[in-house]
Structure formats: structure tokens, C-alpha cells
Amino acid sequence: MDTMRQKAIQYYRKVARQLPQYAPTRMAELAPGVVAVEDAAGECDALFDGERWDYTNPEIWESDPETKSLALTGAGLKVLEGFGVAMRVRSIETMMLFAQSQLSPKRQTAWHSVPQFFTF
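Just so we're clear, the structure is a prediction, and the values are computed from it rather than from any experiment. (Residues numbered from 1 in each chain as written. Predicted model: local features only at pLDDT ≥ 70, side-chain atom pairs only at ≥ 80, totals over all residues. Heavy atoms only, no water.)

Student: Which residues make up helix H1 (residues 3–18), and what are the values?
Tutor: The end-to-end C-alpha separation of H1 is 23 Å, in line with the 22 Å expected for 16 residues at 1.5 Å each. Burial in H1 covers these residues: Met4, Arg5, Ala8, Ile9, Tyr11, Tyr12 and Val15. Summarising the contacts, the buried residues of H1 are in contact with strand S1 (24–31), strand S2 (34–39), strand S3 (44–49), helix H3 (70–74), strand S5 (77–80) and strand S7 (116–118). (Helix = DSSP H or I, 4+ residues; strand = E, 2+ residues; numbered from the N terminus. Expected span 1.5 Å × (residues − 1). Buried < 20%, exposed > 50% of the residue type's maximum accessible area, 1.4 Å probe, protein only. Contact = heavy atoms within 4.5 Å.)

Here you go:
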């Protein structure tokens, strides 16, 4: 299994223990190093590997270092929040389009043509 997929699963297992409303209902890889997650609360976020990807507009998305999740930072992950925008992203399919406009690869890579769903 891909390391990014494993990191996303491990992260959400920890989160769901404390906050069950954020338990994942579906997960899919959008590109190598980018995983979208729909949760029980009806939200959809994309976790991504900070070594392979970055925000296209960091001035919009980079959070205050003091408010960053230690669990995400410790795993080398960043998050593109689906509820952080005017049009709320609620599905993996919509997140794929949104992520393509908001994330940029740090080295040569390609987005999958469709989300690659996987079990967790």
C-alpha cells in the first residue's frame, strides 16, 4: 500500500477516536501524495504530502504555525480543507477538481484521471 494512503488512514483513525463525526466514509487517492477523505460530518478534505505538493496560493491556505495540527505536522502532511471555501466541497469528485486548482506538485507528477478509491 502507498505510504500516503497509510498516513491518511492512520491520521483518521486517531481523529475518529476523539471526534467520531470525522470518521472517514470514503477515501481516494487523487494523485501520488494526495488523498481525499469524506467523513461522517459531510465534509471532504484532501490530505497531501508536504514533500511532494504545496499550495498553489500559500498566502490563502497556509495556517498560523501555532494552530497547525501536531498530528498532521508530525506525519509530514498538510490539509486542503473543503469547508474553507465559499463553495463547500462535500465529495471526493468535487475535491478532485478543487485540489487540481489549489495544489501544485513540487516535482513532476500527474493527477489521476479519476479518483482511485481504496478501503481503509
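Student: I'd love a proper account of the pairing of S5, names of residues and values included.
Tutor: Of the two faces of S5, the one carrying Leu77 and Val79 and the one carrying Lys78 and Leu80 are both buried. Of the pairings in the sheet, the one linking S3 to S5 comprises four bridges and is antiparallel in character. When the sheet's bridge partners are listed, Asp49 is paired in S5 with Leu77. (Pairing = 2+ DSSP bridges.)

Student: Requested: an account of the packing of aromatic side chains, with residues and values cited.
Tutor: For the coordinates displayed, the defined rule picks out five aromatic pairs. Consider the rings of Tyr11 and Tyr12, whose centres lie 5.3 Å apart with planes at 90 degrees: the pair is edge-to-face. Relative to Trp111, the ring of Trp53 lies with its centre 4.8 Å away and its plane at 50 degrees, an arrangement referred to as tilted. Of the two residues, Trp53 is situated in strand S4 (residues 53–55) and Trp111 in the loop between strand S6 (103–105) and S7; the sequence distance between them amounts to 58 residues. Through a chain of ring-to-ring contacts, the aromatic side chains of Phe48, Tyr55, Trp61 and Phe98 assemble into a single cluster. The positively charged end of Arg88 is found above the aromatic ring belonging to Phe83, 4.5 Å away from the centroid. (Phe/Tyr/Trp six-rings, centres within 6.5 Å; stacked < 30°, edge-to-face > 60°. Lys NZ or Arg CZ within 6 Å of the ring centre and 35° of its normal.)

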